[in-house]
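# Chains, contacts and geometry: an overview
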Amino acid sequence: FFFNDTATTEIYTEQIVGSVRCVQETDMGMIQSSKLLFSALLLLGLLCPLTYTRVVSCQNEEIFGINSQKLVYQLNNAGNDWVNIPGALKQCDVIIVDNKPQLWGVNSGDDIYYKPNMSVDWIKIPGKLTFIRAMPNGRIWGINAAQQIYTRENAQSDWQQIQGALVSLDVQPDGRVWGINAQQYIYTLSGPTDTWKKIEGSLTSLRVMPNGRVWGINVNQDIFTRAGVDGVWQLIQGKLVFLDVNAKGEVWGINQAQDIYYRNGVNGDWIQIPGKLVKLRVLDNGTVYGLSLIHI
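Cut-offs and rules
Residues numbered from 1 in each chain as written. Predicted model: local features only at pLDDT ≥ 70, side-chain atom pairs only at ≥ 80, totals over all residues. Heavy atoms only, no water. Pairing = 2+ DSSP bridges. Helix = DSSP H or I, 4+ residues; strand = E, 2+ residues; numbered from the N terminus. Axes fitted to C-alpha atoms, helices over the stretch in contact; angles between N-to-C directions. Salt bridge = Lys/Arg side-chain N within 4 Å of Asp/Glu carboxyl O. Buried < 20%, exposed > 50% of the residue type's maximum accessible area, 1.4 Å probe, protein only. Phe/Tyr/Trp six-rings, centres within 6.5 Å; stacked < 30°, edge-to-face > 60°. Lys NZ or Arg CZ within 6 Å of the ring centre and 35° of its normal.

This part covers the sheet that holds strand S9 (residues 91–97). One open sheet holds the 4 strands; their spatial order is S9-S10-S11-S12, and the pairing between them is antiparallel. Of all the strands in the sheet, just S9 and strand S12 (123–128) have a single pairing partner and so form its edges. Strand-to-strand twist in this sheet, taken as the mean axis angle between neighbours without regard to direction, amounts to 20°. In this structure, strand S10 (residues 100–106) lies alongside strand S11 (residues 111–115), joined through 4 bridges in antiparallel fashion.

So, in structure tokens, the structure goes:
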């Protein structure tokens, strides 16, 4: 759900309202949608004077980006321009509090910053993190450079170190945490007072749905999914290097050749989407934001 590519990129988005996904390229290189069961396609990269390397979103479909100079931007309400937010971050997350976006982020020095809303300045939070994740209930999870895990209830509380070490994590809305350590072992816990449970298998990345279903990729680019803690891993046909999944179970993925694929849940079939991407993010309404090294 975070884009970490640092190459020069362009941003694309596609709004899907049906089961057929396809796009076509005009002679001028602009992207437009064909008329098969979905609405318009917008090439955000041509509307923005910068190239973006990271994009995050939240429940209210607020879109924030960080460019290669680590400058922070927010997509405006019209969806056609980027508004600079003072400050510089290498990674951030955003939640909605009182119907307003609230940002958490870390900078190049691993310093932690918090922005309660867009009308106030950044507030520095004690501690150092390389990765931060904000939950809808206000709880924050993070990992530092030593792979130590920390959490706090909200901006006013203190950091609590969680035993163990991880290189990446994802969190369900109910608070269950899923993580991968440096050896690619998989662990989960139900909350800050729980102890880690090791899950069989190994993954290099994972995404967890609100209902607890987990999707992941291993070192061989194999794709696996399981129905929560008590499920068993199911091998999914195909090879991917990156995937994302929304609350509806719509899975989008990218293979090593940067080809794009979509499937509707566990029982769906992979459909190749024209174009090339290096990272993508799918929202719960079906909108997909993607980063491309070249024109699609």
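Having put the structure on the table, let's press on.
Turning to the sheet that holds strand S13 (residues 131–134), a few remarks are in order. The strands that make up a sheet are held in pairs by hydrogen bonds between backbone atoms, and each pair lies either parallel or antiparallel. What the 4 strands build is an open sheet, ordered S13-S14-S15-S16; its pairing is antiparallel. Each edge of the open sheet is held by one strand with a lone partner, namely S13 and strand S16 (160–165). With direction set aside, neighbouring strand axes in the sheet form an average angle of 20°. The sheet contact formed by strand S14 (residues 140–143) and strand S15 (residues 148–152) spans 4 bridges and is antiparallel. The partner of Ile143 across the bridge, within S15, is Ile149.

Right, let's get into the pattern of salt bridges. For side chains of opposite charge, pairing can occur when their charged atoms come near one another. Here the structure, examined in full by the defined rule, presents 11 salt bridges. Of the charged contacts in the structure, one is a salt bridge between Arg133 and Asp93, with a shortest N-O distance of 3.3 Å. Of this pair, Arg133 sits in strand S13 while Asp93 sits in strand S9, and the two are 40 residues apart along the sequence. A relative accessible area of 3% places Asp93 in the buried class. Arg133 is the salt-bridge partner of Asp170, the closest N and O atoms lying 3.5 Å from each other. In this pair, Asp170 is assigned in strand S17 (residues 168–171) and Arg133 in strand S13, connecting sequence segments 37 residues apart. Taking the relative accessible area as the measure of exposure, Asp170 reaches 1% and is therefore buried. Owing to a relative accessible area of 12%, Arg133 belongs among the buried residues under this scheme. What you see here is one network of salt bridges that share partners, running through Asp93, Arg133, Asp170, Arg207, Asp244 and Arg281.

The next point concerns the packing of aromatic side chains. Counted by the stated rule, this structure contains 4 aromatic pairs. Note on Trp104 and Tyr114: the rings are 4.7 Å apart at their centroids and 35° apart in plane angle, and the pair reads as tilted. Taken together, the residues span a long stretch of sequence, with Trp104 in strand S10 and Tyr114 in strand S11 at a distance of 10 residues. Overall, the relative accessible area of 0% leaves Trp104 in the buried class. On the basis of relative accessibility, which here comes to 9%, the residue Tyr114 falls in the buried class. Measuring from ring centre to ring centre gives 5.3 Å for Trp252 and Tyr262, while their planes differ by 55°; the resulting arrangement is tilted. Of this pair, Trp252 sits in strand S26 (residues 250–254) while Tyr262 sits in strand S27 (residues 259–264), placing them 10 residues apart in sequence. A cation sits over an aromatic face here: Arg152 above Trp159, 4.7 Å from the ring centre. Over the ring of Trp270 we find Arg263; its NZ or CZ atom is 4.8 Å from the centre of that ring.

Counting buried residues along S26, 5 of its 5 residues qualify, which places the element largely inside the surrounding structure. Alternating residues of S26 divide into Glu250, Trp252 and Ile254 and Val251 and Gly253, and every residue in both groups is buried. As judged from the 4 bridges shared by strand S25 (residues 242–245) and S26, these two strands associate in the antiparallel manner. Looking at S26, one finds that Asp244 is bridged to Trp252. The antiparallel hairpin formed by S25 and S26 contains 4 residues in its connecting segment, where Gly249 sits at a positive phi of about 90°. Bridge count for S26 against S27 is 5 bridges, and the pairing is antiparallel. Within S27, the residue paired with Glu250 across the bridge is Asn264. Hairpin geometry of S26 and S27 is characterised by an intervening segment of 4 residues between the two adjacent antiparallel strands and by a positive phi of about 70° at Gln258.

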